[in-house]
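Survey of secondary and tertiary structure
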Amino acid sequence: MPPSSYSLQALLKQVDQGSIVELLREMIAIPSVNPFDEPANEDCRELEIADYYQSRMDHLGLLTSRRDVVSGRPNIFGRVKGNGAGPCVMLAGHLDTVGVTGYSNPFDPVIRNKRVYGRGSCDMKAGLAAFIEVARIIIQNDIELAGDLLIAGIADEEHHMIGSKEIRENGPIPDFAIVGEPTELEVCHAHKGQLCMHIRTHGRACHSSMPELGINAITHMSKVIAAFEGYNDELRSRPAHPVCGHGRFSPGVIRGGDIASSVPDYCELEVDRRMLVGESTESVVSEYRKRIDPLTSSVPGFNYEIGPATIEISALDTPLESPVVEQSAQAFSDTVGRATELAPFAGATDAPNLLCPAVICGPGSIRQAHTLDEFVEIDQVTDAAKIYLRTVLAMQLIV
Ligand SMILES: [Zn+2]
C-alpha cells in the first residue's frame with residue numbers, strides 16, 4: 001500500500017507485545033556470549049543466534065544475506081526493498097552479549113514485574129526483537145517503502161567490534177541508521193570514541209639482592225604514571241563538545257614482574273582514552289609521547305614503547321538537523337509524550353562504523369546492561385517498536 005493510504009494509528013496498534021516478548025525470550029535462551037580472547041565455548045553461540053535471527057527474517061519474507069566476519073561469527077542482513085525513491089534506513093543491533101560469570105540462570109528468560117530478565121535482555125536482544133516487529137508490520141500490511149529498510153545483526157560489538165568494522169569495509173552502507181542499544185528509548189546522537197593501548201617499559205632483570213645491577217621496569221612505569229598527572233585537567237581545560245563534554249584518560253590494568261626476588265625487566269600498563277570527534281589515534285599517541293618522552297633523557301636506562309590500539313572506536317557526532325535525529329526525536333515524543341533529552345550515549349557503539357548519520361535509541365537502561373541481574377521493561381520494548389516504525393515510515397518522505 002502506498003505510504004499515503006495507510007493509517008499510522010492502525011499500524012501502531014498492530015505492534016504485538018506477545019510476539020515481541022516470545023522472540024526476545026527465545027533469543028535470551030540462545031547463549032551468545034562474546035568469546036573475547038578465549039576459545040569459543042558452549043555459551044558463545046553467536047553463530048546459533050545469527051542462524052535464528054536470519055531464519056526469523058526469512059520467515060517474514062525479508063531478503064536475507066550473511067557474511068562471516070571470522071569463521072563462525074557472521075553479520076546477518078535482512079532487507080525490505082523500497083522503490084528507490086527514498087533513503088535506505090538501517091536498524092542495527094549486535095548479536096553478542098557480555099559474559100555471565102557469577103550470573104545464576106542467565107539464559108533462562110523470566111518474566112516478572114512486567115520485565116523480561118536474562119543476559120542480553122536489554123543489551124541488546126530487546127532492540128533486535130523490536131526490529132523484527134517493524135519489518136513484520138511493514139510486510140504484512142503491504143506497505144510500499146520509498147527506500148530500503150535494512151536490518152543488521154552484527155557480531156562482536158562487546159569486544160573489538162569486528163562485525164561493524166567489516167560492514168565499514170564491505171558495506172552495505174545505509175543512508176541513515178538507528179542502533180538499538182539501551183537508552184531507555186532516548187535518542188542519542190553523539191558519543192565519545194574509545195582508544196585502548198598498552199604502554200610498556202623495558203628494563204634489565206637481575207637478582208633483587210643487587211638491584212643496582214638491573215633496571216627496574218616497574219619503577220620506570222611508576223614514572224610513566226606520574227607523567228600523566230594533570231592530563232585529565234588538561235583535557236578538561238580544552239573547549240568542550242556541546243554534548244559529550246571533554247575527553248578522559250584512565251589507566252586500567254598494570255602487569256609486570258614474576259617474583260619478588262627478581263628485578264623485573266618488563267611492565268605494561270593498559271590505558272583507556274575517551275576521545276571526542278576531531279581526535280584521532282595519532283593525535284592521542286603524540287600526546288602520550290609528549291608526556292613520556294622527557295623521561296628518556298631524565299631517567300637513566302629508561303626505555304618504553306606504545307603498542308598498537310587494542311580497542312579503537314570512533315566518536316559519533318550526528319548533526320542535530322540530520323533527518324534521522326529529527327524524525328526519531330519526533331517519534332520518541334509522539335510515543336512517550338515528552339521531548340527526548342538528546343543526551344550523549346555513555347559508551348561506544350557500532351554506529352560510527354556504519355559511516356552514515358546515525359542515532360542510538362533502544363529499550364532498556366545502560367544501568368542494567370552488563371550487570372548480573374539484567375532486565376528490560378516490556379512496555380519499553382513495545383514502545384521501541386513503535387518509535388522505530390514511526391521513524392522508518394517518516395524517513396520515507398525524506399528525499
Ligand atoms: Zn550493547
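Everything in this summary refers to the structure shown in the same document. Nothing here was measured: the structure is a model prediction, and the numbers come from that model.

Topic: the overall build of the chain
For the chain, the count of helices and strands is eleven helices and 18 strands. Taking 399 residues into account, the globule formula puts the C-alpha radius of gyration at 21 Å, and the chain, at 24 Å, falls close to it. With respect to the principal axes defined by its C-alpha atoms, the chain has extents near 85 × 45 × 40 Å. For the chain, the residues scored as buried account for 54% of the 399 residues in total. A sequence separation of at least 24 residues applies to 79% of the contacts in the chain between residues at least 6 apart. Side chains of the chain give 34 positive and 54 negative charges; the mean places of these two sets differ by 3 Å.

Description of the coordination of the zinc ion
At the metal site, the zinc ion is ligated by His94 (NE2), Asp123 (OD) and Glu181 (OE), and these contacts range over 1.8 to 2.1 Å. Site description for the zinc ion: donor spacing in sequence, H-x28-D-x57-E. Linking His94 in strand β3 (residues 89-94) with Asp123 in helix α4 (residues 121-140), this pair joins segments that are 29 residues apart in sequence. Judged on exposure class, the residue His94 and its partner Asp123 are both buried.

Re the sheet that holds strand β7 (residues 176-179)
What links the strands of a sheet is backbone hydrogen bonding, and the strands pair in either a parallel or an antiparallel sense. What the six strands build is an open sheet, ordered β1-β2-β6-β3-β7-β17; its pairing is mixed. Strands with a single pairing partner mark the edges of an open sheet, and in this sheet they are β1 (63-70) and β17 (358-360). This sheet shows a mean twist of 20° between the axes of neighbouring strands, independent of strand direction. Where β1 lies against strand β2 (residues 73-80), seven bridges are found, and the strand directions are antiparallel. Across the sheet, the residue bridging to Thr64 is Gly78, located in β2.

So, helix α10 (residues 323-336)
Because each turn of an α-helix spans 3.6 residues, side chains separated by three or four positions in sequence point in the same direction. For α10, built from 14 residues, the straight-helix expectation of 20 Å at 1.5 Å per residue is met to within 8% by its first-to-last C-alpha distance of 19 Å. Every buried residue of α10 is listed here: Val324, Val325, Ser328, Ala329, Ala331, Phe332 and Thr335. The arc that holds the buried residues of α10, viewed along the axis, is 160°, so those residues lie on one side. Once α10 finishes, Gly337 follows within two positions and takes phi at roughly 95°, a positive value.

Comments concerning helix α11 (residues 378-395)
If you check α11, its first and last C-alpha atoms are 26 Å apart, about what 18 residues at 1.5 Å a residue would give, namely 26 Å. Of all 18 residues in α11, 14 are buried, a share of seventy percent or more.

Let's talk about the pattern of salt bridges
Oppositely charged side chains can pair when the atoms bearing their charge come close. Counted under the stated rule, the structure contains 25 salt bridges. For Glu48, the salt bridge identified is with Arg45, shortest N-O distance 3.3 Å. Given the relative accessible area of 30%, Arg45 is considered partly exposed. Here Asp148 ties to Arg79 by a salt bridge, and the two come within 2.6 Å at their closest N and O atoms. Of this pair, Asp148 sits in the loop between α4 and β6 (149-154) while Arg79 sits in strand β2, placing them 69 residues apart in sequence. Arg79 sits in the partly exposed class, given a relative accessible area of 24%. Because the salt bridges share partners, they merge into one network encompassing Glu234, Arg238, Arg273, Glu279, Glu287 and Arg291.

Details of unusual backbone geometry
At the junction of Asp123 and Met124, the peptide bond is cis and its omega measures out at -10° in the coordinates. Relative to the helices and strands, Met124 is located in helix α4. Of note, the amide linkage connecting Gly171 to Pro172 takes the cis form, showing an omega dihedral of 0°. Turning to its location among the elements, Pro172 is positioned in the loop between α5 (162-170) and β7. Of note in this structure, Asn113 is not a glycine but carries a positive phi near 55°. One can find Asn113 in the loop between β4 (110-112) and β5 (115-117). Under the relative-accessibility criterion, Asn113 is labelled exposed at 57%. For His370, which is not a glycine, the phi torsion comes out positive at approximately 70°. As for its position among the elements, His370 is in the loop between β17 and β18 (375-377).

About the criteria used
- Residues numbered from 1 in each chain as written.
- Predicted model: local features only at pLDDT ≥ 70, side-chain atom pairs only at ≥ 80, totals over all residues.
- Heavy atoms only, no water.
- Helix = DSSP H or I, 4+ residues; strand = E, 2+ residues; numbered from the N terminus.
- Rg over C-alpha atoms; globule rule 2.2 N^0.38 Å.
- Buried < 20%, exposed > 50% of the residue type's maximum accessible area, 1.4 Å probe, protein only.
- Contact = heavy atoms within 4.5 Å.
- Lys, Arg positive; Asp, Glu negative; His and termini not counted.
- Charge placed at Lys NZ, Arg CZ, Asp CG, Glu CD.
- Donors = N, O, S within 2.8 Å, 3.2 Å for Na, K, Ca; no water.
- Pairing = 2+ DSSP bridges.
- Axes fitted to C-alpha atoms, helices over the stretch in contact; angles between N-to-C directions.
- Expected span 1.5 Å × (residues − 1).
- Arc of directions from axis to C-beta.
- Salt bridge = Lys/Arg side-chain N within 4 Å of Asp/Glu carboxyl O.

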